[in-house]
Amino acid sequence: AGKAKKRKNSQVMEILHRLSKNKLAMAGLIIVLIEIILAVIAPLIIPYDCNAIDVLNAKSGPSAQHLFGTDELGRDIFSRIIYGARYSLSIGIFGTLITTVIGTIIGAIVGYYGGACDNIVMRILDIIQAMPPILFNIVIAAALGSGFMNTMIALAVGSIPGAVRLVRGSVMGIRKMEYLEAAQTINCSVPRLIMKHILPNSISPIIVSVTMGIGNTILMAASLSYIGLGVQPPTPEWGAMLSAARTYMRDYPHMVLFPGLAIALVVLSLNMLGDGLRDALDPKLKK
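What you see is a predicted model; the values in this text were computed from it and never measured.

Visitor: Hey, could you run me through helix 4 (residues 77–113) in this one?
Guide: Think of an α-helix as 3.6 residues a turn; residues three or four steps apart then line up on the same face. An ideal rise of 1.5 Å per residue puts 54 Å on 37 residues; helix 4 measures up with 52 Å between its terminal C-alpha atoms. Of all the bends found along helix 4, the most pronounced is centred on Gly84 and spans about 35 degrees. Just downstream of helix 4, Gly114 is the residue with a positive phi angle, here 65 degrees.

Structural data, given as structure tokens:
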């Protein structure tokens, strides 16, 4: 047991070492960490109340008093973006975690058993995935209604088919390995076989998928908010800020520019981190 733990720790250190040599991945990691820290301490650092209305300074451009300017109600855009990171990042992180947990459970079961169970589940997923992802998310969001929790649930449910396929493919690739046959000969139960032997050996694509999925979920959440089906004003979620500012886009571009840059920055940094993790976990892909 001690040797196995030591070997596992050495593998983790080797992965971290490979990741640390990827400059783009490290830049993405640093940006993501900064964004998370800013979101956590947002109430302590924002210069204005994110919902404080000041109609006398409405639609003013960037200045020393308001770094990113103000919106149509005079609310400080910089404060709203910093505080809004709490909503956007929470939707991305927790929505992706829900997707990953449910998708991993279903994918591991159908991938291990195969047969009729696999055929039934995969045909259902084929039907769901025949619909464009954004349209499927719109349907779920419209059925559940707008709001923070409903948006997160809608995006999590909409991403489950992709997670199931990913885990299923990974499990099917290793279920005939000799070490699994050895575990079966000593009467290892199926739940223990999946949890102790199958999932740990298929964790690499799941980790990369989670990293990429957070960025995609944030982007999808902003899209739903933009068309009025996601988080609703006055909540300072980035997509909702874009939706509220779109009618002023031509005359006051700063109202759209800064929330759009916030979304682009977090998605870009997560994608860079995800690419770096993929290369670190499987260096053969880079070759």
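Still more ground to cover, so stick around.
Visitor: Please clarify how the packing of helix 2 (residues 23–40) against helix 12 (residues 254–281) should be interpreted in this entry.
Guide: Helix packing for two helices is described by the angle between their axes and how far apart those axes are. At a minimum axis distance of 7 Å, the contact between helix 2 and helix 12 shows a crossing angle of 135 degrees. Our classification of the angle between helix 2 and helix 12 gives oblique. The way helix 2 lies across helix 12 gives a crossing that is left-handed. Residue-level contacts link Leu24, Ala25, Ala27, Gly28, Leu29, Ile31, Val32 and Glu35 of helix 2 to Leu265, Val266, Ser269, Leu270, Met272, Leu273 and Gly276 of helix 12.

Visitor: Would you explain the side chain of Asp118 in this entry?
Guide: Relative to the elements of secondary structure, Asp118 occurs in helix 5 (residues 115–129). A relative accessible area of 7% means that Asp118 is categorised as buried. Those residues within four positions of Asp118 in sequence are excluded, and the remaining contacts are Val110 and Arg168.

Visitor: What is the right way to look at the environment of Met122 in this model?
Guide: If you trace the backbone, Met122 turns up in helix 5. A residue is classified by how much of its surface remains accessible, and Met122, at 2% relative accessible area, is buried. Spatially, the C-alpha atoms of Met122 and Phe68 are 48 Å apart, while their sequence positions differ by 54 residues. Not counting residues up to four positions away in its chain, the partners in contact with Met122 are Arg165 and Arg168.

Visitor: When you look at the nonpolar core in this model, what are you seeing that I'm missing?
Guide: Generally speaking, soluble globular proteins have nonpolar side chains that are buried together. In this structure, Ile81, Ile198, Trp238 and Val266 are the most contacted members of the largest nonpolar core, which totals 35 residues. When residues of this core are traced back to their parent elements, those giving at least two are helix 2, helix 4, helix 7 (148–174), helix 8 (178–185), helix 9 (190–198), helix 10 (203–226), helix 11 (238–245) and helix 12. With 8 residues, the top contributor of residues to this core is helix 12. Excluding anything up to four places from it in sequence, Val266 contacts Glu35, Leu89, Ile218 and Trp238. One finds Ile91, Phe136, Leu224 and Val231 within the second-largest nonpolar core, a separate group that totals 9 residues.

Visitor: So what exactly am I meant to see when it comes to the pattern of salt bridges here?
Guide: Pairs can form between side chains of opposite charge once their charged atoms are near each other. For the structure shown, the criterion picks out 9 salt bridges. Residue Arg75 is joined to Glu72 by a salt bridge in which the shortest nitrogen-to-oxygen separation is 3.7 Å. Residues Arg75 and Glu72 agree in their burial class; the two are buried. Note that Arg278 is salt-bridged to Asp275, the shortest N-O span being 3.7 Å. With a gap of 3 residues between them, Arg278 and Asp275 both fall in helix 12, about one helical turn apart. Note on Arg278: relative accessible area 37%, which makes it partly exposed. Each of Asp71, Glu72, Arg75 and Arg80 takes part in salt bridges that share partners, so that together they form one network.

Procedures and definitions
Residues numbered from 1 in each chain as written. Predicted model: local features only at pLDDT ≥ 70, side-chain atom pairs only at ≥ 80, totals over all residues. Heavy atoms only, no water. Helix = DSSP H or I, 4+ residues; strand = E, 2+ residues; numbered from the N terminus. Expected span 1.5 Å × (residues − 1). Bend = angle between axes of the 7 residues up to and from the residue. Axes fitted to C-alpha atoms, helices over the stretch in contact; angles between N-to-C directions. Parallel < 35°, antiparallel > 145°, perpendicular 65-115°, else oblique. Left-handed = near helix turned anticlockwise from the far one by under 90°. Contact = heavy atoms within 4.5 Å. Buried < 20%, exposed > 50% of the residue type's maximum accessible area, 1.4 Å probe, protein only. Core = buried A, V, L, I, M, F, W, Y, C linked by side-chain atoms within 4.5 Å. Salt bridge = Lys/Arg side-chain N within 4 Å of Asp/Glu carboxyl O.

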